[in-house]
Amino acid sequence: MMRRLLYDLPLVLMALPLWYACCATPSAGNVTLKDALKDKFHIGVALNEALITGRDTAGVRVLEQQFSAIVAENCMKSMHIHPEENRYDFTLPDQFVALGEKNKMWITGHTLIWHSQLSPWFCVDEEGNNVSPEVLKQRMKAHISTIVGRYKGRIKGWDVVNEAILDNGELRRSKFYEILGEEYLPLAFRYAHEADPQAELYYNDYNEWFPAKRDAIVKLVRSLKEKGVRIDGVGMQGHVDMEYPAIEEYEKSILAFTQAGVKVMITEFDLSILPMPDRNVGAEVSAGFEYREELNPYRNGVPAGRMQEWTNRMGDFFDLFLKHRDKVTRVTMWGITDRDSWKNDFPIHGRTDYPLLFDRDYQPKAAVSRIIKAAEGVGF
Ligand code: G3I
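Residues numbered from 1 in each chain as written. Predicted model: local features only at pLDDT ≥ 70, side-chain atom pairs only at ≥ 80, totals over all residues. Heavy atoms only, no water.

## Some words on the overall build of the protein chain
Then, in step 1: From N to C terminus, the protein chain includes 13 helices and eight strands.
Then, in step 2: For 380 residues, the compact-globule estimate of 2.2 N^0.38 gives 21 Å, and the C-alpha radius of gyration of the protein chain, at 22 Å, lies within 12% of that figure.
Then, in step 3: Overall, the protein chain is about 80 × 45 × 40 Å in size when its C-alpha atoms are taken along their principal axes.
Then, in step 4: Here the protein chain holds 380 residues, and 55% of them are scored as buried.
Then, in step 5: Counting contacts in the protein chain only where the partners sit at least 6 residues apart, residues at least 24 apart contribute 78% of the total.
Then, in step 6: Total accessible area computed for the protein chain in this model is approximately 16800 Å², and 53% of it derives from carbon and sulfur atoms.
Then, in step 7: Across the protein chain, the mean location of the 47 positive side-chain charges is 5 Å away from that of the 54 negative side-chain charges. (Helix = DSSP H or I, 4+ residues; strand = E, 2+ residues; numbered from the N terminus. Rg over C-alpha atoms; globule rule 2.2 N^0.38 Å. Buried < 20%, exposed > 50% of the residue type's maximum accessible area, 1.4 Å probe, protein only. Contact = heavy atoms within 4.5 Å. Areas by Shrake-Rupley, 256 points an atom, 1.4 Å probe, with all protein chains shown as cover. Lys, Arg positive; Asp, Glu negative; His and termini not counted. Charge placed at Lys NZ, Arg CZ, Asp CG, Glu CD.)

## A few points about the site of the ligand
Then, in step 1: Around the ligand, the structure places 16 residues, and the nearest of them are Glu73, Lys77, His110, Glu163 and Glu268.
Then, in step 2: Contacts to the ligand include Asn74, whose side-chain N or O atom sits 2.9 Å from an oxygen atom.
Then, in step 3: For the ligand, a nitrogen atom lies 2.7 Å from a polar atom in the side chain of Glu268.
Then, in step 4: Counting only elements with at least two residues in the shell around the ligand, the list comes to strand E3 (106-114) and strand E6 (233-241).
Then, in step 5: Per-class residue counts for the shell around the ligand are five nonpolar, seven polar and four charged. (Near = heavy atom within 4 Å. Polar contact = N/O pair within 3.5 Å; in protein donor to acceptor, adjacent residues only side chain to side chain. Nonpolar A, V, L, I, M, F, W, Y, C, P; charged D, E, K, R; others polar.)

## What to know about the confidence of the model for the protein chain
Then, in step 1: Of the residues in the protein chain, 92% have a pLDDT of 70 or more, and the chain-wide mean is 93.
Then, in step 2: Ignoring residues within four places in sequence, the model shows residues 16-28, a span with pLDDT below 50, making 19 contacts including any to other chains. (pLDDT = per-residue confidence, 0-100.)

## Digging into unusual backbone geometry
Then, in step 1: Put simply, His110 and Thr111 share a cis peptide bond, and its omega is -5°.
Then, in step 2: Within the secondary structure, Thr111 sits in strand E3.
Then, in step 3: Cis geometry marks the peptide bond from Tyr244 to Pro245; its omega dihedral reads -5°.
Then, in step 4: Structurally, Pro245 can be placed in the loop between E6 and helix H11 (247-259).
Then, in step 5: Of note in this structure, Asn207 is not a glycine but carries a positive phi near 50°.
Then, in step 6: Along the polypeptide, Asn207 turns up in the loop between strand E5 (200-205) and helix H10 (211-226).
Then, in step 7: The phi torsion at Tyr362 lies on the positive side, around 70°, for a residue other than glycine.
Then, in step 8: Note on placement: Tyr362 falls in the loop between strand E8 (328-333) and helix H13 (366-377).

## Re the pairing of strand E2 (residues 69-72)
Then, in step 1: The alternating pattern of E2 places Ala69 and Val71 and Ile70 and Ala72 on opposite faces, both of which are buried.
Then, in step 2: Two strands pair when backbone bridges link them, and strand E1 (residues 42-47) and E2 are joined in this way by four bridges, in the parallel orientation. Within the sheet, the bridge partner assigned to Val45 lies in E2 and is Ile70.
Then, in step 3: Looking at chain direction, E2 and E3 are connected through three bridges and run parallel. Bridging from a neighbouring strand, Ala69 pairs with Trp106 of E3. (Pairing = 2+ DSSP bridges.)

The structure is reproduced here in structure tokens:
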């Protein structure tokens, strides 16, 4: 027996690096993100089509090992899930929900009412004129109740309205606002609640550390609550960079939303390492800047010192989330690996960014063990 063991041992040792490269996702020791954060908050990630369909097998492996919550990056937005008034496409959303259920993950639906990636038919008639308020209400109700109803009891929380407030605190002049005024916000939440009374309902936005925007969101939460409309949480997107925002400003918003009586979730976190052409960009999808070489400095890799600065800042944000683990219920990364990130093309097309926790070879960055150590250090 002993001789057999001694005989096999070298073979096992030789095979280990091979197993490590293809199957293991190393972290701090063998502890994964979801293990370390288990009693703190859900650690989530946005799934693109390749992950949902399983085509990205290495990505799915990281997903299943490291994350406890998922959100769909694109496939539940109206232009994809409801491309024509009488046609829904549930192919990818169904696979997305099944993947989450298989892995017992917290599943969030993103997003019901958003001005962007909006189905072209949604707010207009056949001539392209705005529909009447009554028609838009019917369309919103049909859209929300069909989608939320389909996943009733399975999708645990919904980004009901996305990005309705501008950085200056005014309501965005979207088609929904043009036709219905601010009434569209409570209506959307009411329709979602009717379709699944158990589901949590969220308002989700970027740049929420801007004081005017923070105040406007607090006002919105309070006004929904005064009207008796269910709202459970505010989603803070993240999409931060190396300069902005100051951690203290981000913290002020966590505190302000909590004081308004809702949970906070960090819904779309990524930390760009690249220079930003404008500090106000956030995730304003209409923003775009011309490519210049000096704005794409890390095409062939990031110098160690700069990467360390990135790790430190990512660690500082997670320290903040851990400090407020009684208020923050979920932290969701906007993608698994740097290669998947929308930041490679925003706000300038064709750059090489490094905003996520796993590198282009699916390996965890130093920030992963930094986060795990911090989580293990704070207790419950
Ligand atoms: O599907 C097509 C594909 O067929 C084509 O080959 C490719 C060529 O560029 O484009 C693909 O569509 C892109 C899609 O992402 C899927 O990758 C769209 O052009 C692109 O506009 C779209 O961008 C998405 C963006 O929302 C749209 O506004 C990003 O992936 C997605 O990460 C981003 O997510 C939003 C959140 O929903 C809300 N908060 C801000 C956040 C970042 O903008």
